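# Observations on chain architecture
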Amino acid sequence: MTNDSPAPQTGPPGPSTSSASSGPLAPSASPPPSGPSPSPGSDEARLAELGYTQVLARRMSAFSNYAVSFTIISVLSGCLTLYLFGMNTGGPAVITWGWVGVGLMTLFVGLAMAEICSAYPTSAGLYFWAHRLAPPRSAAAWAWFTGWFNVLGQVAVTAGIDFGAASFLGAYLNLQFGFEVTPGRTILLFAAILVLHGLLNTFGVGIVAFLNSVSVWWHVVGVAVIVGALTFVPDSHQSASYVFTEFVNNTGWGSGFYVVMIGLLMAQYTFTGYDASAHMTEETHDAAVAGPRGIVQSIWTSWIAGFVLLLGFTFAIQSYEGALTSPTGAPPAQILLDALGATTGKLLLLVVIGAQLFCGMASVTANSRMIYAFSRDGALPFSRVWHTVSPRTRTPVAAVWLAALGALALGLPYLINVTAYAAVTSIAVIGLYIAYVIPTLLRLLRGDDFARGPWHLGRWSRPIGIVAVAWVVIITVLFMLPQVSPVTWETFNYAPIAVLVVLGFAATWWLASARRWFLKPADATGPSATTGSTAAPATPERPDASETTGSADTSDHQRTIPHESPQ
């Protein structure tokens, strides 16, 4: 990978900002933005070239951008909330080696994404990339479905993270106060955590950026303290042979290979959410470099930290069966209690819960930016509501609460389906990784016709992209398969149903209406789709055409908002 000046365009341009027929957004009837023009070569100028005006406050540093993705990956959240799943689906061997293999494959996916992020640093992220890289005739369709998969995956990740935090909080309350853990009470804790994260994100990007920076050190120090305690305090440990070779199958399936493959979900679910660095680029300084670096650094640092954490917990298991049947419902909590004693175990459990709460907060942040970007292009029902920006905090407050409510809805099946959490995590992986890899696939099909950003992979771009696409095809199939046998109403994996419902809705809306207006200019004879353009009003078929909302964001497109300097 290299970090230098953008490579020249080597082929005919794809969808560009230079013509109304191929611009990313429909021109608006609003007057040109007022205020100072962006300086050449600035983040704002590059955003203007992509068809958007700076509206969100650009307060985040490169470290803050990285911190968002690192926090969402959160090894203290993903690894430990699905540790029970891993113990039943392959056991120590799959927990350990699955992490190593999945981490490597995820790095390939992240590298391919990062190169494209450098070329197109906008909060729209994956669906915008798909639009720019697809053939002109089908660009809008590729973008539409990429965006919907991204929304589905983002909402599911938020649900998975905060549901996991609710489970661990319930375990702590059970230990400390005798709180009885039931599905109904877990859902109530889940809802309360989502409300907390909605409120934190409502106050603005400044406080969220600060908490994300704190979260990085919380995770690093937390992992070090927990692993150190699990290494030096217990009187006995499992053998290396046990940790690296012991295979456990409590799924009911007879095929060991099948169990190993579906057991990869624990690691792959943890490695999600790093597209947050792309969605936060409109709020990050030097976005074309900071964004891609945030993606890649968050993956490899999480890969190392997660491996150390998993080894610490697995070596420290005192009773495998006791951890599986723990009254807390969370095997990692029982491992801490058995290995360290009640007082120390509960204190370190609070460290884990704190990390999970940081993770959920960052996930709501990234999710809301995706919803904001997608709705400013009219792609969600009631888009005029979801793309509004608070004039006080310059954050998409309505999108924040839609993210929280969507996550709550995905978690509610837990009241009737005991395997619902695994299904939610499967939905997150499937939705996000399909969205992750579509731009990479289009980049491969496009060949050399791609104007690289300042951060790119050089000659390694194509082989890395091929590996990334192949891996996503494999895991998309894997995580739609049944995870428990026999398959009943209470144990089936409802991930395929959720994916098909969202895909069916998106396809129906596309065929009925969106194909006539999504990412299409309102007037093909009008001026280019760049900042400050004026043109005929949007077509009647386009939802929310020329509507206002009374907030800082008063049109369907961010580009029509007067430029504001970062506060």
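Reference entry: report on the structure contained in this document. Counting starts from 1 at the beginning of each chain's written sequence and moves along it residue by residue. Thresholds applied to this predicted model are a pLDDT of at least 70 for local features of residues and 80 or more for the giving and counting of side-chain atom pairs; totals over whole chains, interfaces and linings are not thresholded and use all residues. Computation of side-chain values: all heavy atoms of the structure, hydrogens and water removed.

Below, the discussion takes up the packing of aromatic side chains. Classification of ring pairs rests on two measures: the distance between centres of Phe, Tyr or Trp rings, Trp counted by its six-membered ring, which must be within 6.5 Å, and the angle between planes, read as stacked under 30 degrees, edge-to-face over 60 and tilted in between. Counted under the stated rule, the structure contains 32 aromatic pairs. Residues Trp97 and Phe244 carry aromatic rings whose centres are separated by 5.6 Å and whose planes lie at 50 degrees to one another, so their mutual orientation is tilted. Here Trp97, found in helix α5 (residues 91–119), pairs with Phe244, found in helix α10 (residues 240–245); they are 147 residues apart in sequence, far enough to count as distant. Phe244 gets classed as partly exposed once you look at its relative accessible area, which sits at 25%. Joined through ring pairs, the aromatic side chains of Tyr127, Trp144, Phe145, Trp148, Phe374, Phe505, Trp509, Trp510, Trp517 and Phe518 make up one cluster. The ring of Phe179 has Arg185 sitting right over it, with the charged end atom 5.0 Å from the ring centre. Counting from the N terminus, the helices are DSSP H or I runs at least four residues long and the strands are E runs at least two residues long. Accessible area is worked out with a 1.4 Å probe on protein chains only. A residue is then buried under 20% of its type maximum, exposed over 50%, and partly exposed in between. Criterion for a charge above a ring: Lys NZ or Arg CZ within 6 Å of the ring centre, and within 35 degrees of the ring normal.

Below, the discussion takes up the side chain of Ser215. Note that Ser215 resides in helix α9 (residues 205–232). Taking relative accessible area as the criterion, Ser215 reaches 0% and is therefore assigned buried.

All right, on to a nonpolar patch on the surface then. Residues enter patches when their relative accessible area tops 30% and they take part in no salt bridge; the joining distance is 9 Å for like charges and 5 Å for the nonpolar side chains Val, Leu, Ile, Met, Phe, Trp and Tyr. For the area figures, the Shrake-Rupley method with a 1.4 Å probe applies, and any residue is considered shielded solely by the protein chains shown. Any Lys or Arg side-chain nitrogen found within 4 Å of a carboxyl oxygen on Asp or Glu counts as a salt bridge. Among the surface-exposed residues, Phe63, Trp217, Val220, Val221 and Val225 lie close enough to one another that they form a single nonpolar patch of about 470 Å² accessible area. When residues of the nonpolar patch are assigned to their parent elements, the largest contribution, four residues, is made by α9. The partly exposed category is assigned to Val220, whose relative accessible area is 43%.

What follows is about the packing of helix α6 (residues 126–133) against helix α7 (residues 139–177). In this analysis, axes come from line fits to C-alpha atoms, helices being fitted only over the stretch in contact, and the angle between any two N-to-C directions falls in the range 0 to 180 degrees. It is at 8 Å that the axes of α6 and α7 come closest, and there the two elements cross at 160 degrees. On the basis of the axis angle, α6 is roughly antiparallel to α7. Two packed elements cross with a definite hand, and for α6 against α7 that hand is right-handed. The segment α6 lies against α7, with Leu126, Tyr127, Ala130 and His131 engaging Ala139, Ala140, Trp142, Ala143, Thr146, Gly147 and Asn150. In these notes the angle categories are as follows: under 35 degrees is roughly parallel, over 145 is roughly antiparallel, 65 to 115 is roughly perpendicular, and the rest is oblique. Crossings are sorted by hand: turned counterclockwise from the far helix by less than a right angle, the near helix makes the crossing left-handed, and turned clockwise it makes it right-handed. Whether two residues touch is decided by their heavy atoms; if any such pair falls within 4.5 Å, the residues are in contact.

Turning to empty space enclosed by the protein, a few remarks are in order. Cavity: a set of points on a 1 Å grid over the protein atoms alone where a 1.4 Å probe fits but cannot get out. Pocket: an open set with protein on both sides within 12 Å along at least five of seven lines, its lining residues, like those of a cavity, having an atom within 4 Å of a point. Grid points are joined across faces, edges and corners, and a volume is the space filled by probe spheres set on the points. Per the stated rule, a full pass over the model turns up four cavities of 30 Å³ or more. By volume, the largest cavity amounts to about 50 Å³. What lines the largest cavity is simply Ile72, Ile73, Ser74, Ser77, Gly78, Val157, Ile161, Tyr269, Thr270, Thr272 and Cys359. For the lining of the largest cavity, the elements supplying multiple residues, two or more each, are α2 (62–73), α3 (75–81), α7 and α12 (265–270). Polar here means any residue other than Ala, Val, Leu, Ile, Met, Phe, Trp, Tyr, Cys and Pro, which are nonpolar, and Asp, Glu, Lys and Arg, which are charged; Gly is therefore polar. When grouped by side-chain class, the residues that make up the lining of the largest cavity number six nonpolar, five polar and no charged.

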